[in-house]
Amino acid sequence: MEKGALGAVCALGLLVMAMDVPALRRPVPPAPLPPTPAALATAEADARAAAIRAEAGRQEAERAAAAKAEADRLAAVQHPAETEDVLPAGNGREEVFARCTACHSTAIIRRSGFSRARWDELMDWMTEKQGMAPLEGDVRVLVVDYLAQHFAPRRGPRNANPFLN
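Just so we're clear, the structure is a prediction, and the values are computed from it rather than from any experiment.

Help me understand the nonpolar core in this model?
Nonpolar side chains in soluble globular proteins generally cluster together in the buried interior. Val96, Ile109, Trp119, Met123, Leu147 and Phe151 are the most contacted members of the largest nonpolar core, which has 17 residues in total. Among the secondary structure elements, those contributing two or more residues to this core are helix H3 (93-100), helix H5 (116-130) and helix H6 (137-150). With 5 residues, the top contributor of residues to this core is H6. Not counting chain neighbours up to four residues away, the residues in contact with Ile109 comprise Val96, Cys100, His104, Trp119, Leu147 and Phe151.

Set out below in C-alpha cells:
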C-alpha cells in the first residue's frame, strides 16, 4: 500500500504542477512604492499654490463686488432716479415727463426758458435731428402748452446774478 499511496501523492503533485499554468494564475499587484520626498514636496507645493489661487480669487471677487456696489452708490447719487414731481404741477406734466425723459433728463427742460413758438420749433428739431418720435395732434398741443406755461423766457437783465434777486 505504501507504493500505492506514494504513487497517489506523486500523481497529485504532478497534477498540481500541471495545473500551475501562468495563464491561470491571478496576477498579484505589486505593492505601491512609498512616495519619494520630492513627490511629497511637489504635492505639498501644489496644494499651497491651489490654496493661494483660491484665496486670490475670493479676494478678487470681493473687490469686484465692492467696486460694483460703490459704482452703483455713486451712480445713484450723481444721477438720482427722476420722477415727474421734479416738474411743476399742471395739465400735461405726465406727458412731458414720459416723452422728454425717454431721451434726456428733466434738467434740460427745467433750465430752459423759451416762448411757445420756440418750444414748438424744438419739437420739430428733435424729431428731425434727434430721432424723437413725432408728437402730433392734441398730444403736441398739450406738451407745447405745458412747456410754454411753465418754462417761458425768464425776465430780467442778461447776465444778472440770480443769487442777488
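Hey, could you run me through the environment of Arg99 in this one?
When you line up the elements, Arg99 lands in helix H3. Relative accessible area serves as the criterion here: at 34%, Arg99 is assigned to the partly exposed category. For the pair Arg99 and Met132, spaced 33 residues apart in sequence, the C-alpha separation works out to 8.8 Å. Setting aside its immediate chain neighbours within four residues, Arg99 contacts Leu135 and Val139.

Please clarify how the pattern of salt bridges should be interpreted in this entry.
Opposite charge on two side chains makes pairing possible when the charged atoms of those side chains draw close. Counted under the stated rule, the structure contains 12 salt bridges. The partner of Asp145 in a salt bridge is Arg116, with the nearest N and O atoms 2.8 Å apart. Taken together, the residues Asp145 in helix H6 and Arg116 in helix H5 connect sequence positions 29 residues apart. Taking relative accessible area as the criterion, Asp145 reaches 33% and is therefore assigned partly exposed. Of the residues examined, Arg116 reaches a relative accessible area of 37% and is grouped as partly exposed. Each of Glu55, Arg58 and Glu62 takes part in salt bridges that share partners, so that together they form one network.

What counts and what doesn't
- Residue positions within a chain follow its written sequence, with the count starting from 1.
- Where totals are concerned, whole chains, interfaces and linings use all residues; where local detail is concerned, this predicted model gives features only for residues with pLDDT of at least 70, and gives and counts side-chain atom pairs only at 80 or more.
- Only hydrogens and water are removed before side-chain values are computed, so all heavy atoms of the structure are retained for them.
- As used in this record, nonpolar core signifies buried Ala, Val, Leu, Ile, Met, Phe, Trp, Tyr and Cys residues forming a set joined through side-chain atoms within 4.5 Å.
- Categorising residues by exposure relies on relative accessible area from a 1.4 Å probe, with only protein chains included: less than 20% of the type maximum marks a residue as buried, more than 50% marks it as exposed, and the intermediate range marks it as partly exposed.
- The numbering of helices and of strands both runs from the N terminus, where a helix is a DSSP run of H or I of at least 4 residues and a strand a run of E of at least 2.
- We call two residues in contact whenever any of their non-hydrogen atoms come within 4.5 Å of each other.
- Definition used for salt bridges: Asp or Glu carboxyl oxygen within 4 Å of a side-chain nitrogen of Lys or Arg.

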